[in-house]
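Listed below, chain by chain, are the residues.
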Amino acid sequence: MHDRPDQLEPETLLREVSDLEGRIGELRQAAGVPEPDLRATLDAALVELELALTVLRTMGGEQAGEPSGSAAAENERRVLRTVFQDAPVPLFLLDRTTNVRRVNRQAAMLLGTSAGYVSGKQFTAFCDMATRAAVRSQLAAVIRTGQRRRVSVRFLGRDHPIDAVLTVARVWIRGEPDPMVVVAAGPTTTPADDGGPPASRAQAAGAARVRAGDGGQGDDEAVATIVHRMDVLATASELLLDEPVFNETVAVRRCARLLAAELADWAFIDLTGPGGGGPPAGAQGGATRAGAALPLRRQVVMGPEDERSVEAARMLEEVDPAEDTLPHDVFVTRQSALRPHVEDLDVLGMCPDGLPVCGKIGATSVLSVPIEDGDRAIGTITLAASGEYGPFDLMDLGVVQRLGRYLALVIRAARLYRRRAEVADTLQAGLLPKTLPSIPGVSVAARYLTSTHGSEVGGDFYDVFRTENGWGLVLGDVCGKGEDAAAVTSTARHCVRLASRWKARPGDVLATVNEALLDEDRFVTAVMASMTLETERIIVSLGTAGHPPAIVVRADGVIRSASRGGVPLGLFEDFEAGLDTIDLSVGDTLILHSDGVLEACDMTRQEFGQERLLEALAGHAGKPPEEMLAGVERALLDYCDGDLRDDVSMLALRVEPPSLD
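No experiment lies behind these values; they were computed from the predicted model shown.

K.L.:
Go over the overall build of the chain with me, naming the residues and quoting the values.
P.N.:
Summing up its helical and strand segments, the chain has 19 helices and 20 strands in all. The proportion of buried residues among the 661 residues of the chain is 49%. Of all intrachain contacts in the chain linking residues separated by at least 6 positions in sequence, the fraction that spans at least 24 positions is 68%. In the structure as shown, the chain presents an accessible area of about 30700 Å², 51% of it carried by carbon and sulfur atoms.

K.L.:
Requested: an account of the packing of aromatic side chains, with residues and values cited.
P.N.:
Summed over all chains, the structure comprises five aromatic pairs. Taken together, a centroid distance of 5.1 Å and an interplanar angle of 75° make the contact between Phe92 and Phe123 edge-to-face. Taken together, the positions of Phe92 in strand E1 (residues 91–94) and Phe123 in the loop between helix H5 (115–118) and helix H6 (129–145) put the pair 31 residues apart, joining distant regions of the chain. Just as Phe92 is buried, Phe123 falls in that class too. Between the aromatic rings of Phe92 and Phe155, the centroid separation amounts to 5.8 Å while the plane-to-plane angle is 25°, which identifies the pairing as stacked. One end of the pair, Phe92, is in strand E1; the other, Phe155, is in strand E3 (residues 149–156), and 63 residues separate them in sequence. Of the two residues examined, Phe92 and Phe155, each falls in the buried class. Cluster of aromatic residues (ring-pair linked, three or more members): Phe92, Phe123 and Phe155. Positioned above the aromatic ring of Tyr117 is the side chain of Lys121, whose terminal nitrogen or guanidinium carbon lies 4.0 Å from the ring centre.

K.L.:
A description of helix H12 (residues 326–333) should follow, citing residues and the corresponding values.
P.N.:
Burial analysis of H12 places six of its eight residues in the buried class, the great majority of the element. Buried within H12 we find Leu326, Pro327, His328, Val330, Phe331 and Val332. Arg334 occupies a position one or two residues after H12 and carries a positive phi of about 60°.

K.L.:
Could you give an account of the nonpolar core, naming the residues involved and the relevant values?
P.N.:
Membership of the largest hydrophobic core comes to 30 residues, with the highest contact counts inside it found for Leu259, Ile269, Ile381, Leu383 and Leu407. Where this core is concerned, the elements lending two or more residues are helix H9 (248–262), strand E6 (266–271), strand E7 (297–302), strand E9 (365–372), strand E10 (377–385) and helix H14 (394–431). Among the elements that take part in this core, H14 stands out by supplying eight residues, more than any other. Discounting chain neighbours no more than four positions away, the residues touching Leu383 are Leu259, Leu263, Ala264, Trp266, Ala267, Ser365, Val366, Leu367, Phe392 and Val400. Of all hydrophobic cores here, the second largest spans 27 residues; its members include Val527, Ala529, Ala550 and Ala562.

K.L.:
Tell me what's going on with the sheet that holds strand E19 (residues 589–593), and back it up with residues and numbers.
P.N.:
With respect to topology, five strands assemble into an open sheet ordered E11-E20-E19-E16-E17, the strand pairing being antiparallel. Here the strands that pair on one side only, and so sit at the sheet edges, are strand E11 (442–449) and strand E17 (559–561). Neighbouring strand axes in the sheet, compared pairwise and without regard to direction, differ in orientation by 15° on average. Where E19 and strand E20 (residues 648–655) come together, five bridges link them in antiparallel fashion. The partner of Leu590 across the bridge, within E20, is Leu653. Seen against the sheet, helix H18 (residues 609–619) touches strand E16 (551–553), E17 and E19 and runs at an angle of roughly 25° to E16. Contacts from helix H19 (residues 625–640) reach E11, E16, E19 and E20 within the one sheet, and its direction differs from that of E11 by about 25°.

K.L.:
Talk me through the confidence of the model for the chain; I want residue IDs and the actual numbers.
P.N.:
Taken as a whole, the chain shows an average pLDDT of 79; of its residues, 73% reach a score of 70 or greater. Residue range residues 60–68 is modelled with pLDDT below 50. Its contacts to residues more than four positions away, or to other chains, number 16 contacts. Segment residues 190–218 is flagged for pLDDT under 50; beyond a separation of four residues in sequence, or across chains, it makes 57 contacts in the model.

K.L.:
Break down the sheet that holds E1 for me, with residues and values.
P.N.:
Across the sheet, which stays open at both edges, the five strands sit in the order E2-E1-E5-E4-E3 with antiparallel pairing between neighbours. Strand pairing shows two members of the sheet lacking a second neighbour, strand E2 (100–103) and E3, which therefore form its edges. With direction set aside, neighbouring strand axes in the sheet form an average angle of 30°. In this sheet, strand E4 (residues 161–171) lies alongside E3 in antiparallel orientation, the contact comprising eight bridges. Directly across from Arg149, in E4, lies its bridge partner Val168.

Conventions used here
Residues numbered from 1 in each chain as written. Predicted model: local features only at pLDDT ≥ 70, side-chain atom pairs only at ≥ 80, totals over all residues. Heavy atoms only, no water. Helix = DSSP H or I, 4+ residues; strand = E, 2+ residues; numbered from the N terminus. Buried < 20%, exposed > 50% of the residue type's maximum accessible area, 1.4 Å probe, protein only. Contact = heavy atoms within 4.5 Å. Areas by Shrake-Rupley, 256 points an atom, 1.4 Å probe, with all protein chains shown as cover. Phe/Tyr/Trp six-rings, centres within 6.5 Å; stacked < 30°, edge-to-face > 60°. Lys NZ or Arg CZ within 6 Å of the ring centre and 35° of its normal. Core = buried A, V, L, I, M, F, W, Y, C linked by side-chain atoms within 4.5 Å. Pairing = 2+ DSSP bridges. Axes fitted to C-alpha atoms, helices over the stretch in contact; angles between N-to-C directions. pLDDT = per-residue confidence, 0-100.

What follows is the structure in structure tokens.
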């Protein structure tokens, strides 16, 4: 090693200026990271000014000649390696671009990793985000001026950050075209505990992330690490499956919140749409990238709860993963990625304000795993950490990979459930009248509530239609749910309409329907009302087939139930309906309802029942039919806390005063 003159060739000068521009940009970014070290950044900026002045002064100079003697150079290298490895302090040998060429045993122990892992990486990748830019500038100054410098730094140790003071010196090594840098780490300390909460991850997670050393304490720490990760997986299973109905949005947010609290400072979850996905298993090369049917969309970002982080999370939720980012590559290749020490700050993309995402959130360690259900990838989970409890390791990667599979299965089930629910809603809409007809002298209203359990089409139906001598109403309930029940529902509804064209009495109509349903595997309960309209009154003929009886709410508030009777349709050939006749005057209301109203339960499994239904109707007796049914709906949902075990259908008809027109 020997000193060398400072004159630079034009090509080298251009390179120096380009590097200077890059470092100045990094200093600007460093000033904007969470908890920046402004003093170190300012000192580094002054160094850059001095360096720029030096570069200007050396323009036009000539490079000194190269030392000669290959044997001497080899002897020098041998002595250097021996002294370097046996030095009692941590030493790093860096090339001109500040990549690590070699580290000694003490330096590898300081970082808690192997010498082979450190070699080839940027030296500043092992520094925290607040001091990274300043350290890079100081290294550049030493390379250019040859003057030794002392720099304060916080290393991202394996278990926790390590504060150190670096002594940086330039050296020339025979055979090397450019100067190199030797970095010696002085006495180190760990950050003092101020007694407050951890700056990033939960305290339990931080303790669990401490790696095992030698002796009993290390064994205990290793066990604690494994137990903590098992707890995370168990908690994730409970959070993702603790839903009566799979909900994709709820599952994604719960997963992100758990990961940000237990394993990382930041959690990002990106997904494709319901019809999208990455390439199927086995796709390789160009086919892999062509297989991405839909782009990734950012779903949720979870980070620390301080005001600055909340604002950053809100902004990052609007930044979808670009094609050249780590999450996108993981999604396309379906290969998990671990970056214990981030060298490329734009590995997670760029923010709208031009800052790299890693710089914005202070991320120095990143991992990303695909969310795949065994067939194809549907998204990614990406975690980022500041190194407060050490960089991510393979155990972290394994835990998040398992969580990715859990989440994929829940999302697939949720999307399947949603598709089935959409089909059920479409089919159900086809079984109910789109609008109720206008009937002279009466007002009609209806209510239909689907069960909160399951995604299959319900068996309830109602209809209002013309009959041979006037108008008819029918409300029924098919046993069971699903497509088969829907087919029986459609048959029953349309058969009632058709038979009413030539049969006047509800008993005869229901008998015809019974005959049509004998070959079906399901039975149907129903109540039908046939109305004959007269001046200021309506004569109602009722037919009941094993269904809850009709209810009459008189204009004066008196409530009566019609007669029960009859057997369900589709069971026996010798069918006979329960019959009744009711006169309705002005202001009287006829109510038909399904058994889902009566059988709705509260938390103690007590049914809503007939008496509560009558009380709800009495409380709204003087209101229009639409408001009466709305009042019953509110009372019902309040009673069961919105948890309907069966579909609910209601139909109301009110005799109105004659119009003056």
